[in-house]
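Each chain is listed here by its residues.
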Amino acid sequence: MITIVDYQMGNLRSVQKAFEKTGHAAHITSDPKEIAAATKLVLPGVGACGDAVDEIRRRDLEGPIKDQIEAGTPFLGICLGLQMLFDVSYEGGEHEGLGILPGKVVKFELPHGYKVPHMGWNQAHFVHRPPIFEGIDEGTNFYFVHSYYVVPENDDVVAITADYGGPFCAAVWKDNLYATQFHPEKSQQAGLTVLHNFAQLA
């Protein structure tokens, strides 16, 4: 069973339905015990990073999430679920993240003519090819909606970049941890392929 973390931010049902389209059941829960027992864990989200981390801590979900990642459980962060993994976010001030990956979350500073948020389809360029991107071609388009992006301290975790007024990190990969800035559940067949591949991980 794929477990989707519910902390009351984001359309979790759309992620659940996307997994179901690939033939894999997914369970939405805010119960720390169920998260601690998950065999695969998904952390989606839409909104502000600081508020999201506060909600996760208020619901006593931080410990189970970190324990699962450390234990080697396949983990997928989506959009805000990527940004929360880092040390600090500068969205609406300075906010402590979950500190799972060293780095920061910063706002786009863009040339004239570019709008914030970055919204719509954009090409993915592989730095490293994570297993969950098997069957995905270089330059495949995925759907993005975000005003902030992650800047990892360690470039080795950057799996995919995209370009919006300059290159930015669009996905990370470290061992059993995968996270994307784009929304696989909104990215048509390519996104469903990513979710299917994640569901198939041993």
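Above this text you will find the structure in question.
Please read these numbers as outputs of a predicted model, since none were measured by experiment.

### Here's the deal with the nonpolar core
Formed by 37 residues in total, the largest nonpolar core has its most connected members in Phe19, Val42, Leu76, Phe133 and Phe142. The set of elements that each furnish at least two residues to this core consists of β1 (2-5), α1 (12-21), β4 (75-78), β10 (141-146), β12 (158-163), β13 (167-174) and α6 (188-199). Among the elements that line this core, the one with the most residues is α6, at six residues. Listed in part, the 31 residues of the second largest apolar core include Leu43, Cys49, Leu80 and Cys169.

### Overview of the environment of Glu70
Along the chain, Glu70 falls in helix α4 (residues 62-71). Counting along the chain gives 52 residues from Glu70 to Asn122, while the straight-line C-alpha distance between them is 32 Å.

### Some details on the packing of aromatic side chains
Scanning the entire structure with this criterion turns up 14 aromatic pairs. An angle of 50 degrees between the planes, with centres 6.4 Å apart, marks the rings of Phe19 and Phe198 as tilted. Taken as a pair, Phe19 in helix α1 and Phe198 in helix α6 lie far apart in primary sequence, 179 residues in all. By the burial criterion, Phe19 is buried, and Phe198 matches it. An aromatic cluster is built from Phe108, Tyr114, Phe126, Phe133, Phe142, Phe144, Tyr149, Tyr164, Phe168 and Phe182, whose rings are joined through pairwise contacts. In this structure, Arg129 packs its charged tip against the face of Phe126, placed 3.9 Å from the ring centre.

### Regarding the pattern of salt bridges
Under the defined criterion, the tally for this structure stands at six salt bridges. The salt bridge partner of Glu55 is Arg59, with a shortest N-O separation of 3.0 Å. Using a relative accessible area of 23% as the deciding quantity, one classes Arg59 as partly exposed. In this structure, Glu62 and Arg57 form a salt bridge, with 2.8 Å as the shortest nitrogen-oxygen distance. Note on Arg57: relative accessible area 26%, which makes it partly exposed. Among the charged side chains, a network of salt bridges with common partners joins Arg57, Glu62, Lys66 and Glu96.

Cut-offs and rules
- Residues numbered from 1 in each chain as written.
- Predicted model: local features only at pLDDT ≥ 70, side-chain atom pairs only at ≥ 80, totals over all residues.
- Heavy atoms only, no water.
- Core = buried A, V, L, I, M, F, W, Y, C linked by side-chain atoms within 4.5 Å.
- Buried < 20%, exposed > 50% of the residue type's maximum accessible area, 1.4 Å probe, protein only.
- Helix = DSSP H or I, 4+ residues; strand = E, 2+ residues; numbered from the N terminus.
- Phe/Tyr/Trp six-rings, centres within 6.5 Å; stacked < 30°, edge-to-face > 60°.
- Lys NZ or Arg CZ within 6 Å of the ring centre and 35° of its normal.
- Salt bridge = Lys/Arg side-chain N within 4 Å of Asp/Glu carboxyl O.

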